[in-house]
Amino acid sequence: MNQNDMKQIYKDCGISREVYAYGESIMHTLRNRFEEIDKVAEYNQLKVIKAMQANRVSEACLLGTTGYGYNDIGRDTLEAVYATLFGCEDALVRPQITCGTHALATALFGNLRPGDEILSPVGKPYDTLEEVIGIRDSRGSLKEYGVSYCQVDLLPNGDFNFEKIKKSIHEKTKLVTIQRSKGYQTRPTLSVERIGELISFIKSIKEDVICMVDNCYGEFVQTMEPSQAGADMIVGSLIKNPGGGLAPIGGYIAGKKEYIENASFRLTSPGLGKEVGASLGVLSSFYQGLFLAPQVTASALKGAIFASCVYEKLGFQVFPDSNQERYDIIQSVTLGSPEAVIAFCKGIQSSSPVDSFVSPEPWDMPGYDSKVIMAAGNFISGSSIELSADAPIKEPYTVFFQGGLTFPHAKSGVLKSLQMLIDQGLVSKSLL
Ligand SMILES: *Cc1c(COP(=O)(O)O)cnc(C)c1O
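Now for a quick tour of the structure. (Residues numbered from 1 in each chain as written. Predicted model: local features only at pLDDT ≥ 70, side-chain atom pairs only at ≥ 80, totals over all residues. Heavy atoms only, no water.)

1. Notes on the overall build of the chain
Next up, step 1: When its secondary structure is counted, the chain shows 12 helices and 12 strands.
Next up, step 2: Its C-alpha atoms give the chain a radius of gyration of 22 Å, near enough to 22 Å, the size a compact globule of 432 residues would have.
Next up, step 3: With respect to the principal axes defined by its C-alpha atoms, the chain has extents near 65 × 50 × 40 Å.
Next up, step 4: For the chain, with 432 residues in total, the buried portion stands at 56%.
Next up, step 5: Summarising the internal contacts of the chain: among those between residues at least 6 apart in sequence, 69% fall at separations of at least 24.
Next up, step 6: For the chain, the exposed surface amounts to about 18300 Å²; the carbon and sulfur share of it is 53%. (Helix = DSSP H or I, 4+ residues; strand = E, 2+ residues; numbered from the N terminus. Rg over C-alpha atoms; globule rule 2.2 N^0.38 Å. Buried < 20%, exposed > 50% of the residue type's maximum accessible area, 1.4 Å probe, protein only. Contact = heavy atoms within 4.5 Å. Areas by Shrake-Rupley, 256 points an atom, 1.4 Å probe, with all protein chains shown as cover.)

2. Examining the packing of aromatic side chains
Next up, step 1: Enumeration over the complete set of coordinates arrives at 16 aromatic pairs.
Next up, step 2: When the centroid spacing of 5.8 Å and the interplanar angle of 90° are considered together, the rings of phenylalanine 109 and tyrosine 145 count as edge-to-face. Taken together, the residues phenylalanine 109 in helix H5 (residues 100-111) and tyrosine 145 in the loop between helix H6 (127-133) and strand S3 (148-151) connect sequence positions 36 residues apart.
Next up, step 3: A relative accessible area of 48% places tyrosine 145 in the partly exposed class.
Next up, step 4: Judged by centre distance (5.8 Å) and plane angle (65°), the rings of tyrosine 311 and phenylalanine 316 are edge-to-face. Each member of the pair tyrosine 311 and phenylalanine 316 is classed as buried.
Next up, step 5: Through a chain of ring-to-ring contacts, three or more aromatic side chains come together here, namely Tyr82, Phe86, Phe220 and Tyr252.
Next up, step 6: Over the ring of phenylalanine 160 we find arginine 194; its NZ or CZ atom is 4.4 Å from the centre of that ring.
Next up, step 7: One residue, lysine 240, lies across the ring of tyrosine 217, its end atom 4.1 Å from the ring centre. (Phe/Tyr/Trp six-rings, centres within 6.5 Å; stacked < 30°, edge-to-face > 60°. Lys NZ or Arg CZ within 6 Å of the ring centre and 35° of its normal.)

3. Digging into the site of the ligand
Next up, step 1: By nearness alone, every residue bordering the ligand is listed as Cys99, Gly100, Thr101, Leu104, Tyr126, Gln179, Asp214, Cys216, Tyr217, Ser237 and Lys240.
Next up, step 2: One of the backbone N or O atoms of glycine 100 is found 2.8 Å from an oxygen atom in the ligand.
Next up, step 3: At 2.5 Å, a side-chain N or O of threonine 101 approaches an oxygen atom of the ligand.
Next up, step 4: Coverage of the ligand by the protein chains reaches 89% of its 380 Å² of free accessible surface.
Next up, step 5: Counting residues per element, the shell around the ligand draws most heavily on H5, at three residues.
Next up, step 6: Among the residues making up the shell around the ligand, the classes are represented as five nonpolar, four polar and two charged. (Near = heavy atom within 4 Å. Polar contact = N/O pair within 3.5 Å; in protein donor to acceptor, adjacent residues only side chain to side chain. Nonpolar A, V, L, I, M, F, W, Y, C, P; charged D, E, K, R; others polar.)

Okay, here's the thing in structure tokens:
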């Protein structure tokens with residue numbers, strides 16, 4: 001196609017020739033990395049199709065049930081697909097699981113009893129889990145039910161503190177929770193291989209301890225999932241990677257049959273478990289989203305790498321940096337001032353297909369100790385597999401960027417953010 005047409009459409013979308021040209025100079029350096037990502041997506045695409053075929057997904061599976069949802073063949077088949085795909089005995093994949101935190105809480109409450117202890121050997125878990133566990137006092141936490149918590153931080157160089165982990169496992173230790181993604185921290189994200197290593201070590205000390213992995217943001221980034229490296233349970237949200245941008249709600253728990261059943265008795269009711277839970281009309285989006293998920297995850301990953309390179313070359317601190325291996329889809333960029341963080345988010349918002357005319361502003365979000373700004377013009381509210389950015393308005397003024405259902409959208413969002421920074425005089429045009 002004509003290069004001028006391309007420059008023109010970017011210009012029409014508010015991205016100057018200079019910013020576009022800068023973006024293209026970055027694109028040239030990324031060919032090999034993108035090829036590698038495409039290969040992982042290709043492998044995972046076939047893995048998903050194979051799991052669907054093995055479980056004889058049929059047109060009837062795409063329909064839903066109402067009421068109690070007894071004999072929901074679509075729901076039961078989808079759960080079998082997830083189990084096959086992740087190499088597990090069983091899975092719970094439900095629209096009644098409202099979000100990732102709920103999925104994790106369900107897995108924990110279902111499998112822990114008073115007197116048990118949870119160990120996190122990889123440092124502090126995701127913010128919302130602090131209230132589930134009771135690290136921060138909250139009503140209804142596991143702590144209130146007599147479940148204690150023990151944490152071993154990573155060593156300063158990011159390694160596991162094996163010695164301290166060993167000392168922290170005792171007769172009460174029932175479950176070990178391992179968060180794959182760094183989330184919004186600055187530790188490295190764990191590869192499936194490293195998670196496997198950690199689980200083998202833990203099992204060598206106490207064989208019957210339940211190893212649960214918070215798999216949020218990690219699905220399909222590699223060709224293996226933690227359940228294929230020894231995890232007893234993996235847990236995630238369907239409005240992140242495995243929903244492929246189409247699932248309008250939901251979460252999953254996959255793993256050993258006994259643990260999935262325990263979680264199901266918590267999700268619905270003792271005695272009822274997996275037998276109830278109508279899928280209503282969402283199953284076709286669960287199936288189709290899962291089908292698209294490897295490709296969507298690849299797009300988000302490419303967007304994260306593109307953002308990393310664009311901002312690193314301009315002198316900003318980025319994490320992961322442009323050369324690091326990636327095991328999740330989150331990119332952080334430290335912009336150094338509140339104005340720059342706000343401009344970045346406005347750029348992302350204005351590049352969105354939905355709510356592009358809305359201007360995000362920092363606000364006092366419940367549960368945070370500073371104002372937070374969030375940018376997302378989403379089809380599914382709050383979906384962070386869609387292009388989105390958020391940042392607490394506090395030192396060192398770091399923005400977290402993730403998602404992008406298609407790479408061209410992620411790319412244009414990153415360029416628009418840069419355009420916004422340039423237009424406001426926060427980045428000098430001469431750097432391009
Ligand atoms: C998103 C996320 C969660 C929580 O998911 P919600 O859907 O926001 O409740 C938990 N852990 C990690 C690592 C996450 O990224």
